[in-house]
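Chains, contacts and geometry: an overview
Now for the letters of each chain:
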Amino acid sequence: MRKRNESVTVEHERAGAAVPAPLDKGCSLRHSLRLPAADTGMKRPLGRRYGLWFRLRKLIIWLLGVYIAIPFLVKLCPAIQAKLVFLNFVRVPYFIDLKRPQDQGLNHTCNYYLQPEEDVTIGVWHTVPAALWKNARGKDQLWFEDALGSNHPVILYLHGNAGTRGGDHRVELYKVLSSLGYHVVTFDYRGWGDSVGSPSERGMTYDALHVFDWIKARSGDNPVYIWGHSLGTGVATNLVRRLCERETPPDALILESPFTNIREEARSHPFSIYRYFPGFDWFFLDPITTSGIKFANDENVKYISCSLLILHAEDDPVVPFHLGKKLYNIAATSRSFRDYKVQFVPFHTDLGYRHKYIYRSPELPRILR
């Protein structure tokens, strides 16, 4: 009996060792149940990393969706592609008053407004040769118009897309040409700058034709040359082809940074991030044609009969050099130029003239002569 009681006591003691200690006032048991600090520190960075990856993946999916949606949007709305070709809504430099060319350092320049068609008004700048600078001070539009009949050649300058006739590189070219003894007449096509109207290839060409006829009516027997730059080369060849067809060609055509046609230019443009997209022609190039935009320089030169000068920089990032060279090869073998001089002048990459700085070339006066 005694032995049994002892064994029972021992069992109770062992059981008592396994019973958890009672909760004290400080809730020491609660502290003993907390997770180790190391585990908490690992879970927080993991959760933060997972949230960052989730947001990044969501952004990538969203950008991919936009990238895929844009071609379909352009196909459904060809007007978008036309806007991207013209870029007439981009007014660089901003906040300049086109009525005041003297603010751009053109103190011998007059601002006109002409009306090629009803409901269309275009802004025109006329810069006289530097030799007439002093005489031009304070003169009105009538004096400038009469000055076109002075014994100086005239250049009608057709600018490219984006910006206005007051663009920085354009103004610098006017100054160079003026210093070489040329009248320079330039304008903003309908829809550009302060000109009124909606842009189109037909409208741009008609505006150029109207300004050319306006010049010829005042310049007498003075030579008139047409200079087109970039997209303006498309307007220039359209204009000169039409002038040759009506047997009133200009004295020469100068194309700076030209392309062959707008489809090849769009395909070769460095900003064309979709050029390797399946169905690129159908999504992007066909809408341009549907909008009536061709600017087919390669076709136009086959019908032009006047001297032709092509200027192109090898490092041109906008209109690839090979397109200008290709256009020259087409013109040089065309029968329409058999009685006229066709010249191609490249500018080496080291010169850094790129797309719009050929005016900086010290060789330009010699080339033009």
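As recorded in an unreviewed UniProt entry, the protein chain goes by Lysophosphatidylserine lipase ABHD12 and comes from Crotophaga sulcirostris. According to the UniProt record, the Sequence similarities (unreviewed entry) comment for the protein chain reads "Belongs to the serine esterase family."

**Observations concerning the side chain of His355**
Among the structural elements, His355 can be located in the loop between strand E8 (342-347) and helix H14 (364-368). Residue classification places His355 among the buried residues on the basis of a relative accessible area of 11%. For His355, the side chain forms a polar contact with the side chain of Asp316, separated by 2.9 Å. The contacts of His355, once residues within four sequence positions are left out, are His229, Ser230, Glu256, Ser257, Asp316, Pro317, Val318 and Val319.

**Quick notes on the pairing of strand E5 (residues 224-229)**
Burial of E5 is extensive: 5 of the 6 residues sit out of reach of the surface. Pairing of strand E3 (residues 154-158) with E5, which is carried by 5 bridges, proceeds in the parallel orientation. For Ile155, the partnering residue across the bridge sits in E5 and is Tyr225. Sheet topology note: the E5/strand E6 (residues 252-256) ladder contains 5 bridges and is parallel. Along E6, the bridge assignment pairs Gly228 with Leu255. Assessed by its sense of winding, the connection that carries the chain from E5 through helix H9 (residues 231-245) to E6 is right-handed.

**Side note on the layout of surface pockets**
By volume, the second largest pocket amounts to about 290 Å³. Lining the second largest pocket we find 15 residues, and of these Ala252, Ser307, Leu309, Ile367 and Leu368 sit closest to its centre. Listing elements by their share of the lining of the second largest pocket, those giving two or more residues are E6, strand E7 (307-313) and H14. Looking at the lining of the second largest pocket residue by residue, the classes come out as 10 nonpolar, 2 polar and 3 charged.

**Concerning empty space enclosed by the protein**
Empty space left among the atoms is revealed by rolling a probe the size of a water molecule over them. With the rule as written, the count across this model stands at 1 cavity of 30 Å³ or more. Computed from the structure, the largest cavity encloses a volume of approximately 40 Å³. As for the largest cavity, its lining consists of Tyr157, His169, Leu173, His229, Glu256, Lys356 and Tyr359. Among the residues forming the lining of the largest cavity, the class breakdown is 3 nonpolar, 2 polar and 2 charged.

**Section: unusual backbone geometry**
Note that the residue after Val92, namely Pro93, is joined by a cis bond; omega there is -5°. With respect to the helices and strands, Pro93 occurs in the loop between helix H4 (78-86) and strand E1 (109-117). Within the chain, Leu87 stands out as a residue other than glycine whose phi angle is a positive 50°. Residue position: Leu87 is located in the loop between H4 and E1. For Ser257, which is not glycine, the phi torsion reads 55° and is therefore positive. Along the chain, Ser257 turns up in the loop between E6 and helix H10 (262-268).

**What about the sheet that holds strand E2 (residues 120-127)?**
As summarised here, the arrangement of the 8 strands in space is E1-E2-E4-E3-E5-E6-E7-E8, forming an open sheet in which the pairing is mixed. The two strands at the open ends of the sheet, each matched to only one other strand, are E1 and E8. Between one strand and the next, the sheet's axes are offset by a mean angle of 20°, whatever the strand orientation. Pairing between E3 and strand E4 (residues 183-187): 4 bridges, direction parallel. Across the sheet, residue Val154 finds its bridge partner in E4, namely His183. Where helix H8 (residues 201-219) meets the sheet, it contacts E1, E2, E3, E4 and E5, and its direction lies at approximately 120° from that of E1. Sheet strands touched by H9: E3, E5 and E6. Its angle to E5, the strand with the most contacts, is close to 145°.

**Some remarks on the state of the cysteines**
Under the defined criterion, the tally for this structure stands at 0 disulfides. In this model Cys244 remains outside any disulfide bridge; the closest cysteine sulfur is found in Cys306, 5.2 Å from its own. Overall, the relative accessible area of 12% leaves Cys244 in the buried class.

Definitions and cut-offs
- Counting restarts for each chain, with residues numbered from 1 along the sequence as it is written.
- Note on the predicted model: pLDDT of at least 70 is required for a residue's local features to be given, and 80 or more for side-chain atom pairs to be given and counted; whole-chain, interface and lining totals, by contrast, use all residues.
- Only hydrogens and water are set aside when side-chain values are computed; all heavy atoms of the structure are taken into account.
- UniProt positions are given in the numbering used here, feature names are shortened, and annotations may be inferred rather than shown by experiment.
- Helix and strand labels come from DSSP, where a helix needs a run of H or I of at least four residues and a strand needs a run of E of at least two; each type is numbered from the N terminus.
- Categorising residues by exposure relies on relative accessible area from a 1.4 Å probe, with only protein chains included: less than 20% of the type maximum marks a residue as buried, more than 50% marks it as exposed, and the intermediate range marks it as partly exposed.
- The definition of a polar contact used here is a pair of N or O atoms within 3.5 Å, where within protein one atom must be able to donate a hydrogen and the other to accept one, and adjacent residues in sequence count solely through side-chain atom pairs.
- Throughout, a contact is declared for two residues whenever any of their heavy atoms are within 4.5 Å.
- The rule for pairing is simple: two strands pair if DSSP sees at least two bridges between them.
- A clockwise course of the path from the first strand over the helix to the second, judged with the strands pointing away from the viewer, identifies a crossover as right-handed.
- The method works on a 1 Å grid over the protein atoms by themselves. A cavity is a set of points holding a 1.4 Å probe that cannot get out, a pocket is an open set with protein on both sides within 12 Å along at least five of seven lines, and residues with an atom within 4 Å of a point line them.
- Grid points are joined across faces, edges and corners, and a volume is the space filled by probe spheres set on the points.
- Residues are grouped as follows: Ala, Val, Leu, Ile, Met, Phe, Trp, Tyr, Cys and Pro are nonpolar; Asp, Glu, Lys and Arg are charged; all remaining types, including Gly, are polar.
- Only C-alpha atoms enter the line fits that serve as axes; for helices the fit covers just the stretch in contact. Angles between N-to-C directions range over 0 to 180 degrees.
- Count a disulfide wherever a pair of cysteine sulfur atoms falls within 2.5 Å.

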